[in-house]
Each structure stands twice: as C-alpha cells, then as structure tokens.
Amino acid sequence: MKVMQRIEAGCFFWFLVCGFTTNYAAVPLDPRDKAALLELIPSGYQQLGLGISNRTGRLTSLNLTALNLSGQLHPSLCNLSSLETLVLSRNAFRGSLPFCFTLFPNLAVLDLSHNLFTGQIPANFSLKLQTLILGSNHFHGEIPTTLYRLMSLSRLDLSHNHLTGIVADFHQSLVYLNLESNLFSGTLPCFSSSSPSLSVLNLANNSIVGGIPACISTCRGLTRLNLSFNQLHYGISPRLVFSDKLVVLDLSFNFLSGNLPGNIVEAPDKSSLLLLDLSNNQLSGDIPWSITELKNLKALLLSHNLVTGQIPERIGNLTYLQVIDLSHNALSGSIPLNIVGCFQLVALKLDHNNISGEIPPELDALDSLKILALSNNPISGEIPLTLAGCKSLEVVDLSYNNLSGSLNEAISKWSKLRFLSLSHNMLNGSLPTWLFTLKAIQSIHLSANSLSGYIPDGSSFNTSSSFNQTHPSSSSSSFTSLDLRLSAVVSDKTELIFKYDVLTTTGIDVSDNLLSGGIPAGLIGLPGLEYLNLSYNCLDGQIPVGLGKMWSLKALDLSHNAFSGSVQDNISSLGNLLLLNMSYNSLSGIVPTREGYTRFPGAFAGNPGLCLEESENKHVCDMMLGRRRRRRDEHGLISVWIFCVTTLFSFYAGVFGLCCYAQSRNYILQTKN
C-alpha cells in the first residue's frame, strides 16, 4: 500500500497568472510585443491571458497554460523583455531554456511545469524572481548554487525531474519547497534560514540518507512535511516535535527504527494534524497514547512496521478518523469496542497481525465503512448478523482466520460489495443462492473451508456486471490475493480525499471444500470471468460445453474432482488462458495437442482414460486406447476365470476338509445311523 500526498504547486500561484485583462483602450500594446506575440502564436493572441502595463504599454504577464503548444520556444519570446509573469505550463515544449530568460530584469513568476524541457537549470535569473516552477520536465544536473542565494525567491518547485547532487541549505526565507521525485542524495539540511517562513517541504522519492535532524522541527510555520520514499535511517528523535500548525506528516517508506514517537506535535489536543503516515518502516513498540489525542486526525497509517501491544481503547476518541491502517504488524488483543467512536471510518485495515477474539457486532455502527480487512489473524466466532448494517462495504477480506458457522444473510445486504474473501476459515453449511446475486461483485473467494452441498444454479450468475461483461485485463499479479492500494491526499482546504484501487482478477474460488454435484449451467459462459477454481471438491459429471465461450478466462482449475467424459477441443482456444488444470479426474478420450493443450504441461495428469495425441493423426492414440480396451476386456475375462477357479477350489477344499476331519466324519456317520 502506498499513501500518496501530492502537493500541486499551481494552487499557490493561480491568482498570479489568471484573470488578466487586456486594456487596449487605455494604453495600446507596444508594437514590439505585438509583433513578438504574432510570431509566437500566429493564430492570434486576443483570447490569451495578458497583462499590459498602463504606463508603458509593454506586456507584463503572459499565460499560455494548456494550449497544446509544442516544439522549441520561439526566439520572439526573448523580445518580451518587460515580462513579470510568464506561465507556459502543461504544454509540450521541449529543448533547453533560452538564455534570454536570465535577462528579463523584472521577472517575478516563471512557471514552465509539465513540459518536455531538457538540459540544466540556468544559473542566473532575475533578482526579482519570487516563484520558480520547473516541475515535471526532464532537467538534469545539480541545483545551481545561485538559486540557494537568490534572496527574492520564496517558492521553488523542481519536482519530477532528473536532478542530482546534495540538497544544501537555502539562504533565503522560502515558503514553499518541492524537490519530490528526483535523484537527490546526501543528508537533510536544517533549512534554518527558512525556519520562520517555510510552510511546505516535500523531498519525497529521492535517495536521501541519514537520520531526520531534529532541527527541522524549528520550522514553526511548517504545515506539510513529506520525506517518504527515501533511505532515511535511525530512530525518530524525541526532540522532533512540530508546532500545532502541521497538517501532513509523511515519513513512510524509509528505514526508520526504534519506538514510535511519543510526541509528534506540541499540543496533540490542539493539533491541526490530519494525516500521519509512518508506514513501511521498522518502527516498534506500542501505539503511544498521544496519537489518540490528535483530535483532528483523519488518516492514521502505521502499517508494515513492528508495532506490538494492543490497539488503544482511546482510539474511539478520534471521531474524525476516516482511514485506519495498522496492517502488517505484531498487534495482539482484540478489536476494541470503542473503535465504533470513529463513526466516519471509511477504511479499517487490521490484517496480518495477531489480533484474536471475535468480530464485534457493534461494528454495524460504521455505516460509512467501505473497506474491512481483518485477514491473517486468529479471529474466531461467527460473522455477526449485525454487520448487515454496514451497507457501504465494498471490500471485505476475512480470510485466514478461525471463523466458523455458515454464510449468513448479513453478506446479502452488502449491495455495493466488489471483493469478498472468506477463504481459509472453518465455515460450513451450503452455498446460499443469494451469494452470486450481488450486482457489484467482482471476486468471491471461499476456498479451504468445509462448505458442502451443490453450487447454486439458476439465474443468480447473471446479476453481476463484472461476471457478464468483458472488461480490460486486470493488472493484478495474483489470481487469489487482494492488491488494495490506498491513496489519501489532504487538499488545500484541509479535506481528506480518500481513493482506493482493487487490483484483483474477476473470479470465483470455491476450491478445497466438500461441494458435490455438477458444474451449474449458469456458471458456464460468463464472458467477464477471469479466474475459476473448483478444485479439491467432490464434483462430478461432464465438463460443460460452454467453457469455450469464456473469452476472458485466464485460469481454470477443475482438478481433484470426479469429472468424467471427454475434454473439449475449444477450451484451449481461449487466448487469455494462462493456467489450465484438469488433473486427477476420470476424464477419457483423446486430448488433441494440435488444439494447443501442450501449453499446459501436467494439466491432464491422473486421468488414466485420457490419451495425449502426439501426432497429426489419431492412429497412435487409437492404438493406445484400443490396447487399453483390450487390456480391460482381457482383465475382465481373467477375472471371471479366476473367480470360477477360486469358487471350485473353495468348494472341493471344503468337502475334502469335512470328509478328512475325524470329528466331522463321525458326526456325519452318527447322523446317518
């Protein structure tokens, strides 16, 4: 799981570049600038965002955002020497930056982001430059040393380039610094010159090493700090305590160790912190009580660490929480009842821990819950009927637990359910008819339980749109596991924007149960099904003909059942099929290799009545099958002969024994007398 915190630079500066009007009536546009604009944009400039000086008539502001412009910058741009604001973002300009940009004496705002510019960043800019946005290009090299000392600069965005070198300490009072997604190395500076002013610091996705210096917390105006996806080590210093203004703290995907920090902000109950992401590190210890005092917290992400102890009861005090991810740790104890106090929860991920006890029936109070992931824990008991109240559920993963009982009707109330996994539990009973009637369902995994009876037939399989409509091939690397990717972003209005992607194949897995009967007709021919696993059951009958029409099928496993009859020629024609297993059944006949079955070695093992055709003609298999029939006939004749001989031998042996045994002979003679 990766929680992305993207900070769009443009949102800070839109007021600088939008809404310009052309005042031709007061002062006409200078002929030099007019000629330059016509060369730059031959189709006309009347509808562009322009700013014209009322005193000189020179062009001072030019905004060409998202006009689908491409190629190298026209030399006429260099004639606009009075520009104060130049915005060329979201086009397809390429090449290196013209030298004349360094000669614009009054340039205060330069935004060239989201283009294809290459080369190195120029060393010199206007001494009046306040905002420089060069993000999402292909610049390389190091940050020019002159930028570290450009005292007018307050906002710098060089993100998503190929810049290298060490990030040095800036000497000016920066407000915004975004160097995300580059190749920077070295250790973190203190940013001491910017400590009173710095609001946003984003150095995510680089190769920065060492520890997090405690001096960064002296930036008292810091609202967003993102150091994720680096190579930071060591523990988090107890002196790293931020001001109450901090809104986002993302230290995920590093190598931080030691205990979870006891104090993150000075006054937790007054903190503005909305997103805390310490996931994918090596942090240990219990969850500190101070985290449960962060009253405004909306996303708590501590997954993939070494956290121990129990989930604090006081977590229910965080009434604004929308996302809790404590998965992949060593937490123990039970799910606290007070967690229902987080009544705005959208995602609850506690999977891959050592949490025991039962699923609290009180979770039905979480009527906004979309994701419930409790897999890989020793949770026991039955699925509470009260969970029918969680009508917003879209992803439910309770696999690899000790759940028992039958599939109750609480599941049928989850009308928005897309993914359901109850595999590897101790569930019993039959498959209910409503199980496959969920309209939004995409994947059902019930393997490794003790479910019995027949697979429901009828029109239930026609309900799901995922089962019945072809769709783009999924990017999931596994047929059975859930790849759930969360994205939590704090907007400029301090609202949490939560998104998630379920990367899993569209499929049904009821393998390793006690199911009997045949494959129902409604299950066959579903064009959207990518994965079907019915193996390790007691299913019988012939393999239905409609399997050859399941064009999206990638994996089909019917092994270890009692299917009989011949193998269909058209199954191998499914172009997306990657896995085919029909082994250990009672199939018979000829498997034609020319149909492409050789792509699946071992797919028909354990079927004595099958012959793999290895030549263009069938005579080889016919001979082999003929031999097998003759052997079977011969075996039958031999069996009859052996039976007759054995019967006669037993009869005469009995008579001989009766006559030769003294007591038996005397008894017979006495009877005659």
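Below is a summary of the structure that appears in this document.

Quick notes on the rules
- Residues numbered from 1 in each chain as written.
- Predicted model: local features only at pLDDT ≥ 70, side-chain atom pairs only at ≥ 80, totals over all residues.
- Heavy atoms only, no water.
- Helix = DSSP H or I, 4+ residues; strand = E, 2+ residues; numbered from the N terminus.
- Buried < 20%, exposed > 50% of the residue type's maximum accessible area, 1.4 Å probe, protein only.
- Contact = heavy atoms within 4.5 Å.
- Core = buried A, V, L, I, M, F, W, Y, C linked by side-chain atoms within 4.5 Å.
- Disulfide = S-S within 2.5 Å.

What follows concerns unusual backbone geometry. Positive phi, normally seen in glycine, also occurs at N205, with a value near 60°. Phi at A448 takes a positive value of approximately 55°, unusual for a residue other than glycine. Its location among the elements puts A448 in the loop between β29 (443–445) and β30 (450–454). A relative accessible area of 16% places A448 in the buried class.

Tracing the backbone through its elements, the reader meets S181 in the loop between β12 (176–178) and β13 (200–202). Taking the relative accessible area as the measure of exposure, S181 reaches 14% and is therefore buried. Among residues more than four places away in sequence, those in contact with S181 are H160, N161, A204, N205 and N206.

Our next topic: the nonpolar core. Of all hydrophobic cores here, the largest spans 157 residues; its most connected members are L62, F101, L276, L556, L580 and M582. Per-element accounting of this core gives the leading share, three residues, to helix α2 (residues 31–40). Grouped together as the second largest cluster of nonpolar side chains are 20 residues, L275, I371, F419 and L484 included.

Another aspect to go through is the state of the cysteines. Within this structure, the stated rule accounts for two disulfides. A disulfide bridge connects C78 with C100, and the sulfur atoms are separated by 2.0 Å. Residues C78 and C100 are joined through a disulfide that is left-handed, its torsion about the S-S bond being -65°. Of the two residues, C78 sits in the loop between β3 (70–71) and β4 (85–87) while C100 sits in the loop between β5 (92–95) and β6 (109–111), which places them 22 residues apart along the sequence. Since its relative accessible area comes to 28%, C78 is described here as partly exposed. Disulfide pairing is shown between C190 and C215; the S-S distance is 1.8 Å. In this structure, the disulfide formed by C190 and C215 twists by about -80° around the S-S bond and is classed as left-handed. Residue C190 is located in the loop between β12 and β13, and its partner C215 is located in the loop between β13 and β14 (224–226); the two are separated by 25 residues in the primary sequence. The thiol of C219 is not disulfide-bonded; the next cysteine sulfur, from C215, is found 8.0 Å away.

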